[in-house]
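Observations on the model geometry
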Amino acid sequence: MEEFHKVRRLPPYVFEQVNRLKASARAGGADIIDLGMGNPDLPTPKAIVDKLCEVVQDPRTHRYSSSKGIPGLRRAQAAYYARRFGVKLNPDTQVVATLGSKEGFANMAQAITAPGDVILCPNPTYPIHAFGFLMAGGVIRSMSVEPDESFFPPLERAVRHSIPKPLALILNYPSNPTAFVATLDFYKDVIAFAKKHDIIVLSDLAYSEIYFDGEPPPSVLEVPGAMDVTVEFTSMSKTFSMPGWRMGFAVGNERLIAALTRVKSYLDYGAFTPIQVAATHALNGDGSDIAEVRNVYKRRRDVMVDTFGKAGFEVPPPAATMFAWAKIPEKFRHLGSLEFSKLLVEKADVAVAPGIGFGEMGDDYVRLALVENEHRIRQAARNIKKFMSTADETMHNVISLNAHR
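Throughout what follows, the structure given in this document is the object of discussion. The residue numbering used here restarts from 1 in each chain and proceeds along that chain's sequence as written. Local features are withheld for residues below a pLDDT of 70 in this predicted model, meaning they are given only at 70 or higher, and side-chain atom pairs are given and counted only at 80 or more; totals for whole chains, interfaces and linings count all residues. In computing side-chain values, all of the structure's heavy atoms are included and hydrogens and water are not.

Right, let's talk about the packing of helix α11 (residues 288–310) against helix α13 (residues 374–389) for a bit. Close contact between α11 and α13 brings their axes to 9 Å; oriented N to C, the two are set at 15°. Of the possible angle classes, the one that applies to α11 and α13 is roughly parallel. The two elements α11 and α13 cross, and the hand of that crossing is right-handed. Contacts between α11 and α13 pair Arg-299, Arg-300, Val-303, Met-304, Thr-307, Phe-308 and Lys-310 from the former with Glu-374, Ile-377, Arg-378, Ala-380, Ala-381, Ile-384 and Lys-385 from the latter. Here the term charged refers only to Asp, Glu, Lys and Arg, the term nonpolar to Ala, Val, Leu, Ile, Met, Phe, Trp, Tyr, Cys and Pro, and the term polar to all other amino acids, Gly among them. A breakdown of the residues in the contact of α11 with α13 according to their chemical character gives seven nonpolar, one polar and six charged. To obtain an axis, a line is fitted to C-alpha atoms, over the contacting stretch when the element is a helix, and the angle between two such axes runs from 0 to 180 degrees between their N-to-C directions. Secondary structure follows DSSP: runs of H or I at least 4 residues long count as helices, runs of E at least 2 residues long count as strands, and numbering of each begins at the N terminus. Just so you know how the angles are binned, under 35 degrees is roughly parallel, over 145 roughly antiparallel, 65 to 115 roughly perpendicular, and the rest oblique. By the definition used in this description, the sense in which the near helix is turned from the far one sets the handedness, with an anticlockwise turn below a right angle giving left-handed and a clockwise turn giving right-handed. Throughout, a contact is declared for two residues whenever any of their heavy atoms are within 4.5 Å.

Here we come to the packing of aromatic side chains. For Phe, Tyr and Trp, where Trp contributes only its six-membered ring, two rings pair if their centres lie within 6.5 Å, and the inter-plane angle classes them as stacked under 30 degrees, edge-to-face over 60, or tilted in between. Counted under the stated rule, the structure contains 18 aromatic pairs. Between the aromatic rings of Phe-151 and Phe-186, the centroid separation amounts to 5.0 Å while the plane-to-plane angle is 75°, which identifies the pairing as edge-to-face. Linking Phe-151 in the loop between β4 (139–143) and α7 (152–161) with Phe-186 in helix α8 (residues 184–197), this pair joins segments that are 35 residues apart in sequence. Note on exposure labels: buried denotes an accessible area under 20% of the residue type's maximum, exposed denotes more than 50%, and partly exposed covers the range between, all computed with a 1.4 Å probe on protein chains only. We classify Phe-186 as buried; its relative accessible area is 5%. Summarising the aromatic geometry, the rings of Phe-186 and Tyr-187 are spaced 6.1 Å apart at their centres and angled 50° between planes, so their arrangement reads as tilted. Taken together through their ring pairs, the aromatic side chains of Phe-151, Phe-152, Tyr-173, Phe-186 and Tyr-187 make up a single cluster. Taking NZ or CZ as reference, Arg-367 lies 3.9 Å from the ring centre of Phe-323, over its face. Here, a charge over a ring is recorded when the distance from Lys NZ or Arg CZ to the ring centre is within 6 Å and its angle to the ring normal is within 35 degrees.

The structure is reproduced here in structure tokens:
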């Protein structure tokens, strides 16, 4: 039977091929070290869990909640932006709670996109940045992801040659999967470009608190005038180790926030009220929980960079995020990222995310998530070293699916 129209517009979900192989190997008794999915393994801090348990005892909190977020939660998010970025937000008109940043992005796409609208999207990037707009009927024009002088010439060409003119530009810094971090000067240039060409800016700041070197990553909303054209999305998933709680935010331009709020009002009643109250408690905390999460990821990053490098698989140290973005070793690069990822599962009992899943410009890379403890990361390095040292003998019958390239 023919696929439905919107499903037909979505490319194949390449991560599923690795997931199936991983599940099959585990069913056969293999101990797979999973560095693939960015699913935090750290427990949610006890004080947040305790607050949830306290509030859930009140039957009044079991009723429908507020789609845009309870007032206290929106005030807490506005206070966080004031402390962290020096950005003043009106919690009634410039903040909406979302079911994670992913849902926020997808519903913003539904709110603002007409069929055929052109969206400027980094490549490689987190899949929802493109897929949310594809499902909404938009057209994706791929852009550079590195936040330097190379970013802007393609933007200028896109404005000149896209019909219709681009509607929105997507930013994601610190970046998933590349871990690039933007500077405030870069954001100033982006906002100047967006205002010159009347383009909406949608910024994914999910990893604002997972940084390791230098200054904390800025928000694009710190740029004077950015509020005129920008909405920014954040998430509590990584910052507070709350991925399954599904709690995030969209903040910024009142007109855009109102559009997102209206769409959401037709689709959901918001997160369970006790979750929203616990999230409020987390945002109003002293930040010590965030610092501990950051330190754990930094230690894991350092172990991965050291041990994988000694194994012959060079991993550049990411300055932020819970991921490393590593080029496939030269010997295996001709296979492409999907086939290399499959090999690591089969031959080294290690799962990684193939770069092609984040866009065609990522096919020479894999993403490594810092979601296993230091002992397991060292074991993964030993497995990979053994595989790479014996590859000439064990890979003689491997044929790349991309050999035609």
